[in-house]
Amino acid sequence: QVQLVESGGGLVQAGGSLRLSCVASGTIFGGTAMGWYRQAPGKQRELVARFTDGGGTNYADSVKGRFTISRDNTRKRVFLQMNSLTPEDTAVYYCSGSWYGSNYWGQGTQVSVSA
């Protein structure tokens, strides 16, 4: 009964920027710590950035200093500002969250970075 929808992906040149958005909807009565993950062709899904239970943030070493995760006050909208993009950032990006003991994932949004 929870849906997550990502948007904001696209094609960008190396050194450029993109801002991803994720909106949660459905039967949600409490907030949760949401995060961003990505999966590149031939690779496993990996963590990009997420909020911790205490309200802090965790980032993959590969994106520290370049990406910034944020959210609105409802905790139903989460964003990922991506700067200084490189071809290695090319992947399908997913947002994720947990409500009532279940994990939910969005459909993903494609990010492609050209050299």
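What comes next is a walk through the structure.

Rules used throughout
- Residues numbered from 1 in each chain as written.
- Predicted model: local features only at pLDDT ≥ 70, side-chain atom pairs only at ≥ 80, totals over all residues.
- Heavy atoms only, no water.
- Helix = DSSP H or I, 4+ residues; strand = E, 2+ residues; numbered from the N terminus.
- Rg over C-alpha atoms; globule rule 2.2 N^0.38 Å.
- Salt bridge = Lys/Arg side-chain N within 4 Å of Asp/Glu carboxyl O.
- Buried < 20%, exposed > 50% of the residue type's maximum accessible area, 1.4 Å probe, protein only.
- Pairing = 2+ DSSP bridges.
- Axes fitted to C-alpha atoms, helices over the stretch in contact; angles between N-to-C directions.
- Disulfide = S-S within 2.5 Å.
- Core = buried A, V, L, I, M, F, W, Y, C linked by side-chain atoms within 4.5 Å.
- Contact = heavy atoms within 4.5 Å.

Before going further, it helps to examine the overall build of the protein chain. For the protein chain, the helix and strand inventory stands at 0 helices and 11 strands. Listing every helix and strand of the protein chain by position from the N terminus yields β-β-β-β-β-β-β-β-β-β-β. In summary, the protein chain has a C-alpha radius of gyration of 14 Å against a globular reference of 13 Å for 115 residues, a match within 12%. Expressed along its principal axes, the backbone C-alpha trace of the protein chain runs to roughly 45 × 25 × 20 Å.

This part takes up the pattern of salt bridges. Scanning the entire structure with this criterion turns up 5 salt bridges. Its salt-bridge partner being Arg38, residue Glu46 comes within 2.8 Å of it at the nearest N-O pair. Of the residues examined, Arg38 reaches a relative accessible area of 6% and is grouped as buried. Of the charged contacts, one joins Lys64 and Asp61 as a salt bridge, the two residues approaching to 3.4 Å between their closest N and O atoms.

Here we take up the sheet that holds strand E1 (residues 2-7). With antiparallel pairing, the 4 strands of this open sheet are ordered in space as E1-E3-E8-E7. The open sheet has two free edges, formed respectively by E1 and strand E7 (67-71), since each of these has just one partner strand. Going from strand to strand, the sheet's axes swing by 15° on average, the running direction of each strand aside. Summarising the sheet, E1 and strand E3 (residues 18-26) pair through 6 bridges and their orientation is antiparallel. Bridge pairing in E3 places Glu6 opposite Cys22.

Let us look at the state of the cysteines. Going through the model one piece at a time under the given rule, you end up with 1 disulfide. Note on cysteine connectivity: Cys22 is disulfide-linked to Cys95, with sulfurs 1.9 Å apart. Taking the sign of the S-S torsion, about 45° here, the bridge from Cys22 to Cys95 comes out right-handed. In this pair, Cys22 is assigned in strand E3 and Cys95 in strand E9 (residues 91-99), connecting sequence segments 73 residues apart.

Judged by nonpolar contacts, the single largest core of 29 residues is most densely connected at Trp36, Leu80 and Tyr93. If sequence neighbours within four positions are ignored, Tyr93 has contacts with Glu6, Leu20, Trp36, Tyr37, Arg38, Val48, Phe67, Leu80, Met82, Gly108, Thr109 and Val111.

Here we come to the environment of Val12. Locating Val12 in the fold gives a position in strand E2 (residues 10-13). As for Val12 and Ala115, which are separated by 103 residues in sequence, their C-alpha atoms are 9.1 Å apart. Sequence-distant contacts of Val12, defined by excluding residues within four places in its chain, comprise Ser17, Leu18, Leu85, Ser112, Val113 and Ser114.

Further remarks concern the environment of Leu47. Assignment of secondary structure puts Leu47 in strand E5 (residues 46-51). Taking the C-alpha atoms as reference points, Leu47 and Gly35, 12 residues apart in sequence, are found 8.0 Å from one another. Sequence-distant contacts of Leu47, that is, excluding residues within four places in its chain, are made with Trp36, Tyr37 and Ala60.

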